[in-house]
Amino acid sequence: MCIRDSQCMALVAEANSGVQDELTERLLQAAAEVFAENGYEKAGVAEIARRAGVTTGAIYSRYSGKAELLIDAVDRHLLTQLNTLHSNASAIDVLSHLGDHLLDDLSDGTGLFLEAVVAAKRDPELAERLRHVLQSEENKLSQLIREASPQQDIDQLALIRLAHAIGFGMTLTRTIGLDLPSRDDWTTVINLVIEAFINNETKTHGGQS
């Protein structure tokens, strides 16, 4: 029993928040299934609502439409690797882990991401939202690169695009089913690339001092 009205209001707000979070997860899970099965253009909001056990009004009260729902699903299922890493890990360790992570089993979000990329070519709204999500990830990656080599002279955008080329390229490689190297061999190559980058910066700035 609440002693004060403010306590009651706080408990109600906390309970409602939990319900809302659970509902959002159900919506995103249903959306992931429908988008993966039917594709973005054929996916229907009504079918997503049916699988989540809610009305279409519950979706439109949270999302403006399919584009926003797809991007939120992509963000939840695929583009959160940087957030799951330990904050006290060194930047070099994080970069190495991210490279090694590319050989993990494909997540449920892989199909969503590929669907979003294809659909974005024909849907300007979706393309803009996808760029926004990727920009957020780029900012985090850029910060890691600066921490790994704070005095680097190499262009940040060039490095980020190289990282994207490796990451997105590996996603396509895995989706198509091409042969993959062993995890040990892959980790060795990734670490050599990182070490070469760090050592190059050390030699460059060491020679200038």
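Every value quoted in this text rests on a predicted model; they were computed, and no experiment measured them. (Residues numbered from 1 in each chain as written. Predicted model: local features only at pLDDT ≥ 70, side-chain atom pairs only at ≥ 80, totals over all residues. Heavy atoms only, no water.)

**Q** Can you tell me about the confidence of the model for the protein, naming the residues and giving the values?
**A** For the protein, per-residue confidence averages 76 on the pLDDT scale, and residues scoring 70 or more make up 73% of the total. Per-element confidence in the protein is highest for helix H2 (residues 45-52), whose mean pLDDT is 94, and lowest for helix H5 (residues 81-84), whose mean pLDDT is 53. In the model, residues 6-19 has pLDDT below 50 throughout and makes three contacts with residues more than four positions away in sequence or in other chains. (pLDDT = per-residue confidence, 0-100. Helix = DSSP H or I, 4+ residues; strand = E, 2+ residues; numbered from the N terminus. Contact = heavy atoms within 4.5 Å.)

**Q** Requested: an account of H2, with residues and values cited.
**A** All of the buried residues along H2 are Val-45, Ile-48, Ala-49 and Ala-52. With its buried residues spanning 100° around the axis, H2 presents them on a single face. Relative to its buried face, H2 has exposed residues pointing more than 90 degrees away, namely Ala-46 and Arg-50. Of the residues one or two after H2, Gly-53 is the one with positive phi, at around 75°. (Buried < 20%, exposed > 50% of the residue type's maximum accessible area, 1.4 Å probe, protein only. Arc of directions from axis to C-beta.)

**Q** So what's going on with the environment of Leu-134? Which residues, and what values?
**A** When you line up the elements, Leu-134 lands in helix H8 (residues 124-148). The class of Leu-134 is buried, set by a relative accessible area of 16%. When the C-alpha atoms of Leu-134 and His-164 are compared, they prove to be 9.8 Å apart, with 30 residues separating the residues in sequence.

**Q** Would you mind going over the nonpolar core in detail, with residue names and values included?
**A** Judged by nonpolar contacts, the single largest core of 34 residues is most densely connected at Phe-35, Ile-48, Ile-59, Leu-69, Leu-70 and Leu-126. Here the element with the most residues in this core is helix H1 (residues 5-38); it accounts for eight residues. Not counting residues up to four positions away in its chain, the partners in contact with Leu-70 are Phe-35, Tyr-40, Leu-112, Ala-116 and Leu-126. (Core = buried A, V, L, I, M, F, W, Y, C linked by side-chain atoms within 4.5 Å.)

**Q** Explain a nonpolar patch on the surface to me, and be specific about the residues and the numbers.
**A** On the surface, a nonpolar cluster with roughly 320 Å² of combined accessible area is contributed by Leu-172, Ile-176 and Leu-178. Of note, Ile-176 is situated in helix H9 (residues 156-176). Owing to a relative accessible area of 64%, Ile-176 belongs among the exposed residues under this scheme. (Patch = residues over 30% accessible without salt bridge, like charges linked within 9 Å, V, L, I, M, F, W, Y side chains within 5 Å. Areas by Shrake-Rupley, 256 points an atom, 1.4 Å probe, with all protein chains shown as cover. Salt bridge = Lys/Arg side-chain N within 4 Å of Asp/Glu carboxyl O.)

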